[in-house]
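Chains, contacts and geometry: an overview
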Amino acid sequence: MIVDEQNEAGGLLGGRPIELIVYDTKSRNEDAVNAARRLVVNDGVCVIVGDLSSGINIATAPIVARGKVPQISTLGTNPLVTVDNKGNVRPYSFRICFTDPYQGALAADLAYNDLGKKKAAILYNVGSDYAHGLREFFVKNYEKLGGEIVADEGFRGDDVDFRAQLTTIKAAGADILFLPGMGKDMGLAIKQARELGFDGSIVGGDGYSDVMIEIAGDAMKGTHWVSHTYFEDPGMVPIYERFQKRYNDVCKEFVSTAMAADAMYWVFDAIRRAGVDEGPAIAKALEGTKDLKLNHATLTIDPATHNPLNKAGIILRVDDNLERKFYKKVEPK
């Protein structure tokens, strides 16, 4: 939608149309690596937007670096998306979202201070870079605040039955369950937790999706989630309205939509400033982004990490009508 609107407005670089090439990663690293190779080698793209997964962006980082094609992750929050294990910036890897250290701290503060919960349990996908990163920083910050981790349970990516782990969590006396996961997994875990009688609070990261409400139903009531934006964000409302008109449907994946739309606007701005459709020049322009007013936030990039600076976090709460509502906004310290 965003590309079509830009083309209708005259394209870029003196009226040249933008060609959008899309491949489905199927949320698998091997498919993502193959897609990145096709985009860089066969299609000759000058920039890649996506994927939203931390693990996928870590896997494709060497490919885009060799091909000198910048890649922007929309929701890849693991620090290693944009820096290597030694802390060196990946020259062609960028993100538009905040990172796990920050959202882990937000979730821990919410659990301990806002909700007053002192005994936490964690249920996470052991094969997910995203889950590992968010779990690590939640634990670090929660324990620093004075909280206790009473259960730390893992599962495999294809699992759909978490009752054994949730039984252990309930028996451990946890008064809050932290879920550093995404979509379907969390919806199933929440539904099963409530069926087993777990009556503590439930908090999760930015993997929230409205599909979870379809899966978990009433079990979602009262849950809290760290987010990058919210559906009623005044900056995003016009885009959600255009989305609904074009696709004849409410924008359910509102966070993914916000980040994808603004990533495209960021790309358009970088190409204009670069003046050419060449990867190295666009990467330099992305790295030099400062005070760029987007729809969900104002973007300034740290050249040393390729992370946005000073992005606020949003806390959402699912109310008794199963509507996710704005709970509070947290400015980074």
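As the structure is a computational prediction, the values presented were derived from the model and not from experiment.

The rules behind each value
- Residues numbered from 1 in each chain as written.
- Predicted model: local features only at pLDDT ≥ 70, side-chain atom pairs only at ≥ 80, totals over all residues.
- Heavy atoms only, no water.
- Helix = DSSP H or I, 4+ residues; strand = E, 2+ residues; numbered from the N terminus.
- Buried < 20%, exposed > 50% of the residue type's maximum accessible area, 1.4 Å probe, protein only.
- Axes fitted to C-alpha atoms, helices over the stretch in contact; angles between N-to-C directions.
- Parallel < 35°, antiparallel > 145°, perpendicular 65-115°, else oblique.
- Left-handed = near helix turned anticlockwise from the far one by under 90°.
- Contact = heavy atoms within 4.5 Å.
- Nonpolar A, V, L, I, M, F, W, Y, C, P; charged D, E, K, R; others polar.
- 1 Å grid on protein atoms, 1.4 Å probe; cavity = no way out; pocket = protein on both sides within 12 Å on 5 of 7 lines; lining within 4 Å.
- Points joined across faces, edges and corners; volume = space filled by probe spheres on them.
- Pairing = 2+ DSSP bridges.
- Phe/Tyr/Trp six-rings, centres within 6.5 Å; stacked < 30°, edge-to-face > 60°.
- Lys NZ or Arg CZ within 6 Å of the ring centre and 35° of its normal.

A closer look at the environment of lysine 293
Counting through the fold element by element, lysine 293 comes out in strand E9 (residues 292-293). Taking the relative accessible area as the measure of exposure, lysine 293 reaches 62% and is therefore exposed. The spacing of lysine 293 and tyrosine 265 is 28 residues in sequence and 9.7 Å in space, taken between C-alpha atoms.

What to know about the packing of helix H10 (residues 254-274) against helix H11 (residues 279-287)
Between H10 and H11, the least distance of the axes is 8 Å, while the angle of their chain directions is 115 degrees. Regarding the angle of H10 to H11, the classification is roughly perpendicular. Handedness of the crossing formed by H10 with H11: right-handed. Of the residues in H11, those touching H10 at Trp266, Ala270, Ile271, Arg273 and Ala274 are Ala281, Ile282, Ala285 and Leu286. Its residues assigned to classes, the contact of H10 with H11 comprises eight nonpolar, no polar and one charged.

What about the layout of surface pockets?
Size it by volume and the second largest pocket reaches roughly 300 Å³. In terms of lining, the second largest pocket is formed by Tyr102, Ala105, Leu106, Asp109, Asn141, Lys144, Leu145, Lys328, Val330, Glu331, Pro332 and Lys333. Residue assignment for the lining of the second largest pocket shows that the elements contributing at least two residues are helix H4 (100-114), helix H5 (129-145) and strand E14 (324-330). If one sorts the elements of the lining of the second largest pocket by residue count, H4 sits on top with four residues. Among the residues making up the lining of the second largest pocket, the classes are represented as six nonpolar, one polar and five charged.

Examining the sheet that holds strand E13 (residues 313-318)
Here we have seven strands laid out as an open sheet, ordered E5-E4-E6-E7-E8-E13-E14, and mixed in their pairing. Strands with a single pairing partner mark the edges of an open sheet, and in this sheet they are strand E5 (148-155) and E14. The sheet shows a mean angle of 20 degrees between the axes of neighbouring strands, taken without regard to direction. In this structure, E13 lies alongside E14, joined through six bridges in antiparallel fashion. Across the sheet, the residue bridging to glycine 313 is valine 330, located in E14.

Remarks on the packing of aromatic side chains
The tally for this structure, following the rule as stated, stands at 13 aromatic pairs. Between tyrosine 230 and phenylalanine 326 the ring centres are 4.8 Å apart and the planes differ by 50 degrees, which places this aromatic pair in the tilted class. Within this pair, whereas tyrosine 230 is found in the loop between strand E8 (224-227) and helix H9 (237-247), its partner phenylalanine 326 is found in strand E14, the two being separated by 96 residues in sequence. Judged by relative accessible area, phenylalanine 326 falls into the partly exposed class, the value being 39%. Measuring from centroid to centroid gives 4.8 Å for phenylalanine 243 and tyrosine 247, while their planes differ by 55 degrees, and the two rings are tilted. Taken together, the residues phenylalanine 243 and tyrosine 247, both in helix H9 and four residues apart, mark about one turn of the helix. Taken together, the aromatic side chains of Tyr208, Trp225, Phe231, Tyr240 and Phe254 make up a single cluster linked through ring pairs. Directly above the ring of tyrosine 23 sits arginine 38, whose terminal nitrogen or CZ lies 4.2 Å from the centroid.

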